[in-house]
Each structure stands twice: as structure tokens, then as C-alpha cells.
Amino acid sequence: MAIPDRNKKIVLFDVDGTLTPSRLLIKQEMVDLLTRLKEKVMIGFVGGSNIEKQKEQVGDMTCGFFDFSFPENGLTAYKGTSLISETSFLQNIGEEKYKHLVNFTLRYIADLDIPIKRGTFVELRKGMINVSPIGRNCTYEERLEFSRLDDEMGIRNRMVEEYKKVFEGYGLSFSIGGQISIDIFPIGWDKTFCLRHLHQYNFEEIHFFGDKTNEGGNDFEIFNHKEVIGHRVTSPEDTMRQVSELFGV
Ligand code: M1P
């Protein structure tokens, strides 16, 4: 039986900095472009955040509008609106190692001299933990200020180096995905994890658009994966320009 054209290719998108500005809502022009793109290919997103945060950015169309939704790098996976898989970080690592990670993180942040600290320094998600030196419940302005400071001072890069030393042998990856935090998950549970949910569909081409494609960024592994055609973007506007050119939409 001939496979309809739309089912031959899938285009996956990172969320923050690719589909939307970091932590902000998707723009109508992007929705319009994706609607046109969907007529030609399957579409999906793969982001580090959990589904609740992605709903704040991509709206209720998160699952359903996208053919595939992969929050937390695909550790939670939806086909349309159906949940098809969930993988637990806590079960994988175990309570003892998890406790060591939390204790180390809280001590490290307590000793860190940065201008302001807020709350939620460690967030346990289904498939990973997310740690933030300023704390996840900072305001948007505080987030931008931290991000500027981090660019100047390499706060998160130093923290990642420390984690790598202290937790050598734990089999963990430490990945800088957004503006204020670090994602921690078992090696291999990066964005390439979502590809296992796609194998059965035998796509001829899997495209990925992302902005954090340099080493240490959370798009690096999937961008460089042998089964994936990677596209590096600098902003949602750049994503729209490249998608439009490449797919003629
Ligand atoms: O989508 C990228 C990242 O978005 C958030 O990062 P931050 O809050 O640091 O900007 C987090 O949800 C992170 O897990 C995710 O990788």
C-alpha cells in the first residue's frame, strides 16, 4: 500500500528559542506556518520542559495539533492526544543517589554568591531533575537578568563541571537547555530518546530544528544524530524563515 506523502517525513522542533521565545507564548505567525507545514509533513516537538510548562507556551494545541509531543526529551511521549510512554528518573537512579544529588545541589547553591535567589532550586520531574541557581520561581525580568549574568560569569558551566567531578560514575548527563537551569538525566536520555518512539513509522526523513546545538546545549545530541537532518536556528523568526524556504510553505 502506498504511504501517503505526509507520512514520509517528520519535522521535530525544540520549544524555547525555536518555536517560542524562552518561556513565552508561541506567536500566531508560527501557528499559521505550522498549520501549512502539517499539510505536507508530520510535525512534533521535543522539549526539555514538562507538558504543563509546554502547554503554557504552545497552548492547548500542544497535544493534538502536533502529531507527536515529546515533553522532557520524550521521556513522556504523546501521539496526538494519547499518552504512549512515560519513563521515571527516580526509579532509574534510586532514592539514595537522588538524595545525594539533591543534597549536593542545595549545598552548592547555598554557597553560591549571586545577587538574588528565589525558590524551587530543584524540580523533580517524571524523567529528569532540573536545578536552578536562582530558583525556578523567579520573575521573567529576574530570569533575563540571571541569564545575562550567567553569560558573563559562566555560573552554570562551572556548576556542570563540578557535577561531572562529584557524580562521576553515576551515568548522568548535565545539560544546559534554557536560561536559568540545568537538566540532569541518565546518559542517553537526551533529546535522541524521543527517536525510539518514531522507529516503527519508518520515516524517510526526520528533521530537527533547534537553537542549543553546540556541545553542552540540550539540542546537541539530536542535532548530530545520524538518523536526523539537523537545522540550527537563532530565534523563532529564523525557524520560520528556514522552514518556509526548505518546505515551500
Ligand atoms: O526548553 C529548554 C529548557 O527550558 C527550561 O529552561 P530554563 O527555565 O532554564 O529557561 C527548563 O524547562 C529546561 O528543563 C528545558 O530544558
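Because the structure is predicted, anything quoted here is derived from the model rather than measured.

About the criteria used
What you see as residue numbers is a count from 1 along each chain, following the sequence as written. At least 70 in pLDDT is required for a residue's local features to be given in this predicted model, at least 80 for side-chain atom pairs to be given and counted, and no such filter applies to totals for whole chains, interfaces and linings, which use all residues. Working from all heavy atoms in the structure, the side-chain values ignore hydrogens and water. Secondary structure elements follow DSSP: runs of H or I of four or more residues count as helices, runs of E of two or more count as strands, with numbering from the N terminus. Within 3.5 Å is the distance limit for a polar contact, defined as a pair of N or O atoms, with the added protein rule that one can donate a hydrogen and the other accept it, and that residues adjacent in sequence qualify only through two side-chain atoms. A contact between two residues is defined here by any heavy atoms of the two lying within 4.5 Å. Ring pairs shown here join Phe, Tyr and Trp side chains whose ring centres sit within 6.5 Å, with only the six-membered ring taken for Trp; geometry is labelled stacked below 30 degrees between planes, edge-to-face above 60, and tilted in between. In this scheme, a residue with accessible area under 20% of its type's maximum is buried, one over 50% is exposed, and one in between is partly exposed, where area comes from a 1.4 Å probe on protein chains only. UniProt positions are given in the numbering used here, feature names are shortened, and annotations may be inferred rather than shown by experiment. Throughout, the protein atoms alone are placed on a 1 Å grid, and a set of points is a cavity if a 1.4 Å probe fits but cannot get out or a pocket if it is open with protein on both sides within 12 Å along at least five of seven lines; lining residues have an atom within 4 Å of a point.

1. What to know about the side chain of T20
Within the secondary structure layout, T20 lies in the loop between β1 (9-13) and α1 (28-37). One polar contact links T20 to Q57, side chain to side chain, over a distance of 3.0 Å. In contact with T20, not counting residues within four places along its chain, are V15, L25, I26, Q57 and P236.

2. Examining the packing of aromatic side chains
What characterises a pair of aromatic rings is the spacing of the ring centres plus the angle enclosed by the ring planes. Tallying each qualifying case throughout the model produces 13 aromatic pairs. Look at F68 and F70: their rings are 5.9 Å apart centre to centre, the planes differ by 20 degrees, and that puts the pair in the stacked class. Centroid distance F167 to Y170: 5.0 Å. Interplanar angle 80 degrees. Geometry classified as edge-to-face. Residue class for F167 comes out buried when judged on its relative accessible area of 2%.

3. Brief notes about the UniProt feature "binding site: Mg(2+)" (unreviewed entry) in the protein
Residues annotated by UniProt as "binding site: Mg(2+)" (unreviewed entry) correspond here to D14, D16, D211 and F223. Among the annotated residues just listed, those lining the largest cavity are D14, D16 and D211. Turning to its location among the elements, D16 is positioned in the loop between β1 and α1. In this structure, D16 is in contact with P21, S22, R23, S49, Q57 and D211, ignoring residues within four places of it in sequence. With respect to the secondary-structure elements, D211 resides in the loop between β10 (205-210) and α8 (220-223). Once residues lying within four places of it in the same chain are set aside, the contact partners of D211 are D14, D16, G17, T18, D219 and V233.

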